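Below are the chains, spelled out letter by letter.
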Amino acid sequence: MNAADLPSSCDLVVIGGGPAGLAAAALAARAGVQTVLFDENAGVGGQIYRGITATPVEDRAILGADYWAGVGLVDEARASGAVIVNGAIVWSLDPARRVGVSIAGKARLIQARQVIVATGSLERPLPIPGWTLPGVMTAGAAQTALKAQGLVPDGRTVMAGAGPLLWLLAAQLLRAGAKIEAILDTAPRMNWLRAAWHLPDFALSPYWSKGLALLREVKAKVPVIRVDRVEAHGRDRFAEVAFGSASGERRMKADLLLLHHGVVPNVNLALAAGVAHRWNGRQLCFEPVVDQDFGTSIPGIAVAGDGAGIAGGTAAAERGRIAAIAAVAALKPDAILPQVQAIRQRLAREEMGRAFLDVLYQPAPGHRRPVGDTIVCRCEEVTARQVRDAADLGCEGPNQMKAFLRCGMGPCQGRLCGLTVTELIAEQRRSNPAEVGYYRLRPPVKPISLAELASLPISDAERKAVER
Amino acid sequence: MFKRLGSTGTEVMLKVDGKPVRARSGDTVAAALLAAGIDHCRTTPVTGAPRAPYCLMGVCFDCLVTIDGVGSRQGCLVPVREGMAVETQLGRREAGR
């Protein structure tokens, strides 16, 4: 669909085509609400169901049954009557619910009566020495390349970090024939003591048996090494990983290093819209403040899915449905809707094991708050030492830090450094992340050229306002 | 660095810095560069350090390349097209591109 074919106003705009967005759009459209879903990728599915409609991975065992569950969500959304627009980059959302979107270089502003932001999560930055070298990628990147293009790491691969996705990806890569030299497990052993408290809930959750099976599958084939430090080395390209623990230092030659430290909400669009956020001390990230229907501080704007706090793909779909029921009820009070109570119960079951996983895989302070010449802001190449020194000089928060060092002002707009900068300032100033806060984000949240902006349709009134 | 699991899709030919590169339909520009074994796709504006795709999900902006004359395109979000001209982006986006 071209930008010119979009309606100028719409009952419900859903932003993001992952599980939350697909489920929300399907439910709302089926209830008779005019629904448009924007997704920036070539196909829907988000990250968890990436490439679900076109993946070249034919052997279903490689990606596993949980991946293929995404087919049902896509079918539901496509059959619902919702307008699904791929390749649509949403660069703006304001409190009046005007959605700025760009498709193939042409921009439009769409007035929505209700908006569901389903922008999901991104991988938590793991700022280690050398993480900007070509040959170092996120685990999620390798998973995306596998799902969407059937690309498998060729050569010696090392994975480092912690979190459920690391183990899932290791299993998928092994099934696809990759050679993993080692998994460097950075989860602090002490986490087990605190996580044990949440173990009974986790044992009742769907993740328990799946998680154990994955661990067994991977550990049978790959050496797992407990480490406290990880460094990537190489000139112009990654060539060697150095790692160490209390028992000593080691080096290993490799071709690809995949880093993972869990996922955190992708907050840029919701923050730029002015949605109130708070610090989550267990997941160590900022998340929007939402009510039980995932409504935010701004009327008519909901945030569903992992964007509202990490809970996983199945929970994301349930959250999308709950947000959609609230949106439909506001737009069309006489609509026939599914029972929200049953959905809330399914969501509660999905979220049950979360506390255990959050605590068990909580990254160690040293991996969240780097020191020395380790790059924190990849775009502007700002180091941990520079951020710490500026905080010592009196820089109080991330926004002032932009003026000092330009960190967070490159094209990624803080997505890969925001949490690190907040935590570094908090540490230097003996404060806490909630006090220090996050970057102030403003639209456009994605780069857009002046030519794209100039392509916005102009009304006669707007033209007369500037022409003499 | 990466190999292909199978050979589904049809062949698409790109030009990368003037040289022909084989890709498959369904590839993004960033995936095609990784599959072709290209070691970096841009250099940074600050120190000129080489960078390659890092997140492949549109958030890190390390896969920025010039595509058909337009600078700073996110290679991981743009599907390949027959005859597409991709250029390594050196430092800042050039004025007018």
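Structure first, text after, so check above.
These notes cover the structure that comes with them. Sequence order as written defines residue numbering, which begins from 1 separately in each chain. Whichever chain is written first is A, and whichever ligand is written first is 1; the rest continue in order. The predicted nature of this model means local features are confined to residues of pLDDT at least 70 and side-chain atom pairs, given and counted, to a pLDDT of 80 or more, with totals for whole chains, interfaces and linings taken over all residues. With hydrogens and water excluded, all non-hydrogen atoms of the structure serve as input to the side-chain values.

Observations concerning the side chain of R24 of chain B
Residue and element names in this part refer to chain B. Numbering of helices and strands starts at the N terminus; helices are DSSP runs of H or I of at least 4 residues and strands are runs of E of at least 2. Checked against the element boundaries, R24 lands in strand β3 (residues 19-24). Whether a residue is buried, partly exposed or exposed follows from its accessible area with a 1.4 Å probe, protein chains only, as a fraction of its type maximum: under 20%, in between, or over 50%, in that order. Positive charges come from Lys and Arg alone, negative charges from Asp and Glu alone, with His and the N- and C-terminal ends not counted. For salt bridges, the criterion is a side-chain nitrogen of Lys or Arg within 4 Å of an Asp or Glu carboxyl oxygen. For the buried R24, which has no salt bridge, the nearest side chain bearing the opposite charge is E11, at an N-O separation of 4.5 Å. Polar side-chain contacts of R24 include one of 2.5 Å to the backbone oxygen of G9. The contact criterion used is simple: two residues touch if any of their non-hydrogen atoms lie within 4.5 Å. When near neighbours in sequence (up to four residues on either side) are disregarded, R24 contacts R4, S7, T8, G9, T10, E11, V12 and V80. Here a polar contact is taken to be a pair of N or O atoms separated by no more than 3.5 Å, where protein atoms must pair a possible hydrogen donor with a possible acceptor and residues adjacent in sequence count only if both atoms sit in side chains.

Describing the packing of helix α1 (residues 19-30) of chain A against helix α11 (residues 313-331) of chain A
Residue and element names in this part refer to chain A. What counts as an axis is a line fitted to C-alpha atoms, over the stretch in contact for a helix, and the angles between N-to-C directions run from 0 to 180 degrees. It is the contact of α1 with α11, at a shortest axis distance of 7 Å, that shows an interaxial angle of 35 degrees. As α1 runs across α11, the sense of the crossing is right-handed. Contacts from P19, A20, A23, A24, L27 and A28 in α1 reach G313, A316, A317, G320, R321, A324, I325 and V328 in α11. Considering only residue class, the contact of α1 with α11 consists of 11 nonpolar, two polar and one charged. We call a crossing left-handed when the near helix sits turned anticlockwise from the far one by less than a right angle, and right-handed when that turn is clockwise. Residues are grouped as follows: Ala, Val, Leu, Ile, Met, Phe, Trp, Tyr, Cys and Pro are nonpolar; Asp, Glu, Lys and Arg are charged; all remaining types, including Gly, are polar.

A look at the pairing of strand β2 (residues 35-39) of chain A
Residue and element names in this part refer to chain A. Along β2, five of the five residues are buried, which leaves the element largely enclosed by surrounding structure. Burial along β2 is two-sided: T35, L37 and D39 facing one way and V36 and F38 facing the other are all buried. DSSP calls a pair of strands paired once it identifies at least 2 bridges connecting them. Here strand β1 (residues 9-15) runs beside β2; their pairing, made up of four bridges, is parallel. Note that in β2 the partner of L12 across the bridge is T35. Following the chain from β1 across α1 to the adjacent parallel β2, one finds a crossover that is right-handed. Looking at chain direction, β2 and strand β3 (residues 83-86) are connected through four bridges and run parallel. Counted as the bridge partner of V36 is V83 from β3. With the strands aimed away from the viewer, a crossover counts as right-handed if its path from the first strand over the helix to the second runs clockwise.

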